[in-house]
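If you want the building blocks of each chain, they are given just below.
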Amino acid sequence: FTKRKLDQATLEELEDALIQADLGVETTGRIIQAVSAGRYDKEIEPEEVKSILAGEVAKVLKPVEVPFNFGTQKPFVVLVVGVNGAGKTTTIGKLGAIAAREGHSVVLAACDTFRAAAIEQLTVWGTRIGAKVISRPTGADAAGLAFDAMKEAKADGADILFIDTAGRLQNKANLMAELDKVVRVIKKQDETAPHAVLLVLDATTGQNAISQADVFTKVAGVTGLIMTKLDGTARGGILVAIAERFKLPIHAVGVGEQIEDLQPFDAEAFSRAIAGLAE
Amino acid sequence: MFDTLQERLSGILDKLTGRGALSEADVDTAMREVRRALLEADVALDVVRGFIDKVKERAVGAEVVKSVTPGQMVVKIVHDAMVEILGSEGSALNLRASPPVPILMVGLQGSGKTTTTAKIAKRLQEREKRKVLMASLDTRRPAAQEQLAILGTQTGVETLPIIKGQTPIEIAKRAMSEARRGGFDVVMLDTAGRLHIDEELLAEAAAVRDIAKPNETLLVADALTGQDAVNLAKSFDEKIGITGIVLTRIDGDGRGGAALSMRGVTGKPIKLMGTGEKLDGLEDFHPQRIAGRILGM
Ligand SMILES: Nc1nc2c(ncn2[C@@H]2O[C@H](COP(=O)(O)OP(=O)(O)OP(=O)(O)O)[C@@H](O)[C@H]2O)c(=O)[nH]1
Ligand SMILES: Nc1nc2c(ncn2[C@@H]2O[C@H](COP(=O)(O)OP(=O)(O)OP(=O)(O)O)[C@@H](O)[C@H]2O)c(=O)[nH]1
Ligand SMILES: [K+]
Ligand SMILES: [Mg+2]
Ligand SMILES: [Mg+2]
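Overview of the structure. The structure presented is a predicted model; accordingly, all values stated were derived computationally and were not measured.

Parameters at a glance
Residues numbered from 1 in each chain as written. Chains lettered and ligands numbered in written order. Predicted model: local features only at pLDDT ≥ 70, side-chain atom pairs only at ≥ 80, totals over all residues. Heavy atoms only, no water. Helix = DSSP H or I, 4+ residues; strand = E, 2+ residues; numbered from the N terminus. Near = heavy atom within 4 Å. Polar contact = N/O pair within 3.5 Å; in protein donor to acceptor, adjacent residues only side chain to side chain. Phe/Tyr/Trp six-rings, centres within 6.5 Å; stacked < 30°, edge-to-face > 60°. Buried < 20%, exposed > 50% of the residue type's maximum accessible area, 1.4 Å probe, protein only. Lys NZ or Arg CZ within 6 Å of the ring centre and 35° of its normal.

This next bit is on unusual backbone geometry. Residue Pro75 of chain A follows Lys74 of chain A across a cis peptide bond; omega there is -5 degrees. Mapping Pro75 of chain A onto the fold places it in the loop between helix H3 (46-61) and strand S3 (76-81). Between Pro99 of chain B and Pro100 of chain B the backbone carries a cis peptide bond, its omega angle lying at 0 degrees. Relative to the helices and strands, Pro100 of chain B is located in the loop between helix H4 (70-86) and strand S1 (101-106).

Have a look at this one:
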């Protein structure tokens, strides 16, 4: 490698990479500043520059790299929320499979009572992982179903209850109110529940994901994030901006549509991908 | 959360009063803010660059008239250039062909293809009195075919009966022959979501295209998409050949920069917008509205 000065041109190249990974203008600015601090005009190898960049991104992400663990509450209630099509139902299937493999008895509640065939979709996943699926006909009240599902899971002595919800955009007050009601109804049965509230974010989403994290946390008390669709070319850099701002734990990433396509979040690998370093 | 571009530019430019034309230095300052605003609205970096060059050329030397401030002037130039790229209103679906006219729906996972298929079918059937058949070629996602069947019942649009075990190619052939036999005007072919880098599935979609010979191949994409919009639009266009774009989730509060990215990189028109989960949530594309939204106006 030929050494090269960490000059303005190099910094601009790094900046472009971060912008194209969806870190956003502000977060990109801060990271680039951190990269250049004390190193400006020094001779550095190109690969080293990328490592430094990855290192600065990892500094933000490492503190929020938190493995997802099922707790001992019975049932341990996991509420899954997010905008339309993000990957909620699929992620429940994948997580449920892990839970079942660990020997837990799993129950799924189909609280997406709106979307066509949402129940059938969850039912297919239930069959795949050997979990009971609690549902009501399409159009039923989601909160009412959540209430019944809590009861039924308790009566069954289930270890883990996953509650699937309909996709909703965070700027829709009526749908967010419905979600708020789902949470309240769950608490009525067990004030410590839901024990985990997972917000599913789509890696292809741009800056709007910040507001998704913000509003879903306010309404539903998000406890952690899962980012899907990282098997594409989107880098999901918005997670860096979200980590800076909200410090929400990041648990796992989706890397495909199949049951095994869920991996623990690895801050370092994620940061290296953002910096354009081969794995 | 965002200052509007108008406010930012006013802050910078409106101090420079008492001059007739915008100087290169003024415009350079303004363009830094424009760049930032576009990136915050998720316009892809490469598209931003080309756009800024174009706008800069127009703005330097532009006469600032008495009735407006230099800030308003620049915003107008930016806005007009954006509307130009986004294209004119009402590029309707092209149904000029002997029936049955096939429409192929493609896109990434979860972008809204199945819902949009039903929305378009409903609109064609109700407003234009076309007899529409919908077929799901999604043999991969759990309950995808059932989803379209239910939407068919909800909209009163016929769906091709589900035969488990058939491949997408077989379903496409069956849809076309059933449409011919049944005297349908339009056949909507909904496909499984696929990544724009999944060569195998892109080849499968191309094979379906070769069988159905669609009049329209619509890329269904999420209005909340970030910088990846250029990659996905380019790939779908190169590998399958799209005739237009449908932008879904316009009812969200995303800034919609993906519209400019995808239009900029493919040159293909944005034909329709999805404005809700409900089946009447479909509108014609309004370039003015999207331009305004990207600029935070
Ligand atoms: N490539 C890829 N596709 C995924 C991933 N996770 C989910 N998907 C796909 O994304 C699409 C949407 O997933 P769903 O699980 O139905 O999403 P959802 O959030 O439940 O959607 P709604 O309930 O309609 O809001 C499906 O086609 C999934 O197979 C992932 O990690 N990678
Ligand atoms: N708010 C809103 N939601 C939409 C819109 N279009 C589709 N959706 C929702 O987005 C989610 C995914 O829609 P689908 O039609 O299943 O998407 P798809 O592209 O067919 O998904 P796959 O087949 O899994 O790839 C569902 O929850 C839809 O209700 C829209 O314009 N606005
Ligand atoms: K999406
Ligand atoms: Mg779902
Ligand atoms: Mg579909």
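Around ligand 1, 22 residues are found, and the nearest of them are Gly87, Lys88, Thr89, Thr90 and Glu257 of chain A. Surrounding ligand 1 are residues belonging to chains A and B, so the site spans chains. Contact distances for ligand 1 include 2.8 Å between an oxygen atom and a backbone N or O atom of Gly87 of chain A. Here an oxygen atom of ligand 1 and a side-chain polar atom of Gln121 of chain A are 2.9 Å apart.

Okay, the packing of aromatic side chains next. In total, this model carries five aromatic pairs over all chains according to the counting rule given. Measuring from ring centre to ring centre gives 5.3 Å for Phe68 of chain A and Phe70 of chain A, while their planes differ by 85 degrees; the resulting arrangement is edge-to-face. Phe70 of chain A shares its class with Phe68 of chain A; the two are buried. A ring pair is formed by Phe70 of chain A and Phe162 of chain A, whose centres lie 6.2 Å apart and whose planes are at 85 degrees; its orientation type is edge-to-face. Residue Phe70 of chain A is located in the loop between H3 and S3, and its partner Phe162 of chain A is located in strand S6 (residues 160-165); the two are separated by 92 residues in the primary sequence. Across the pair, Phe162 of chain A and Phe70 of chain A agree in class, each one buried. A network of ring pairs unites the aromatic residues Phe68, Phe70, Phe76 and Phe162 of chain A as a single cluster. Across the ring face of Trp125 of chain A, the terminal group of Arg128 of chain A is positioned such that the distance to the ring centre comes to 4.5 Å. Over the ring of Phe184 of chain B we find Lys131 of chain B, and its NZ or CZ is 4.4 Å from the ring centre.

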